[in-house]
Amino acid sequence: MYAVKVLHGYIGKDGQRTRDKRRVLIFLSKNYAEKFADKIGGRVKKI
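Small disclaimer: the values here were computed from a predicted structure and weren't measured. (Residues numbered from 1 in each chain as written. Predicted model: local features only at pLDDT ≥ 70, side-chain atom pairs only at ≥ 80, totals over all residues. Heavy atoms only, no water.)

*Asks:* Tell me what's going on with the overall build of the chain, and back it up with residues and numbers.
*Replies:* Looking only at helices and strands, the chain has one helix and four strands in total. The N-to-C order of helical and strand elements in the chain reads β-β-β-α-β. A fraction of 47% describes how many contacts in the chain between residues 6 or more apart in sequence connect residues 24 or more apart. A total of about 3,700 Å² of accessible surface is found on the chain, and carbon and sulfur atoms cover 50% of it. Both charge centroids of the chain, one from 13 positive and one from 4 negative side chains, sit 5 Å from each other. (Helix = DSSP H or I, 4+ residues; strand = E, 2+ residues; numbered from the N terminus. Contact = heavy atoms within 4.5 Å. Areas by Shrake-Rupley, 256 points an atom, 1.4 Å probe, with all protein chains shown as cover. Lys, Arg positive; Asp, Glu negative; His and termini not counted. Charge placed at Lys NZ, Arg CZ, Asp CG, Glu CD.)

Structure (structure tokens):
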């Protein structure tokens, strides 16, 4: 599973930045996570 990390937090399920790792938007495929991260300027982190 992968999450998109931005600044000092992650992208949450609601599309906002969050520090709570329980509410992050989870991607099952690294390719999908990388495409999304490229669009918003974040990076992918394996969780």
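*Asks:* Run through the nonpolar core, naming residues and quoting values.
*Replies:* Formed by Tyr-2, Val-4, Val-6, Ile-11, Phe-27, Ala-33 and Ala-37, the largest nonpolar core amounts to seven residues. If you list the elements that add at least two residues to this core, you get strand 1 (2-6) and helix 1 (30-40). The greatest single-element share of this core, amounting to three residues, is contributed by strand 1. Here Phe-27 is in contact with Met-1, Tyr-2, Val-4, Tyr-32, Ala-33 and Phe-36, once residues within four sequence places are set aside. (Core = buried A, V, L, I, M, F, W, Y, C linked by side-chain atoms within 4.5 Å. Buried < 20%, exposed > 50% of the residue type's maximum accessible area, 1.4 Å probe, protein only.)

*Asks:* With reference to specific residues and values, describe the sheet that holds strand 2 (residues 9-11).
*Replies:* With respect to topology, four strands assemble into an open sheet ordered 3-2-1-4, the strand pairing being antiparallel. Looking at the sheet topology across the chains shown, the edges are occupied by strand 3 (17-18) and strand 4 (43-46). Relative to strand 4, strand 1 is paired through four bridges, and the arrangement is antiparallel. Paired with Lys-5 across the bridge in strand 4 is Arg-43. Helix-sheet contacts for helix 1 involve strand 1, strand 2 and strand 4, and the interaxial angle to strand 1 is about 15°. (Pairing = 2+ DSSP bridges. Axes fitted to C-alpha atoms, helices over the stretch in contact; angles between N-to-C directions.)

*Asks:* Requested: an account of the pairing of strand 1, with residues and values cited.
*Replies:* Buried residues dominate strand 1, accounting for five of its five residues. Where strand 1 meets strand 2, two bridges bridge the pair, whose relative direction is antiparallel. When the bridges of strand 2 are listed, Lys-5 appears paired with Tyr-10. Between strand 1 and strand 2, which pair antiparallel and follow one another directly, the connecting turn spans two residues, one of which, Leu-7, has a positive phi of 45°.

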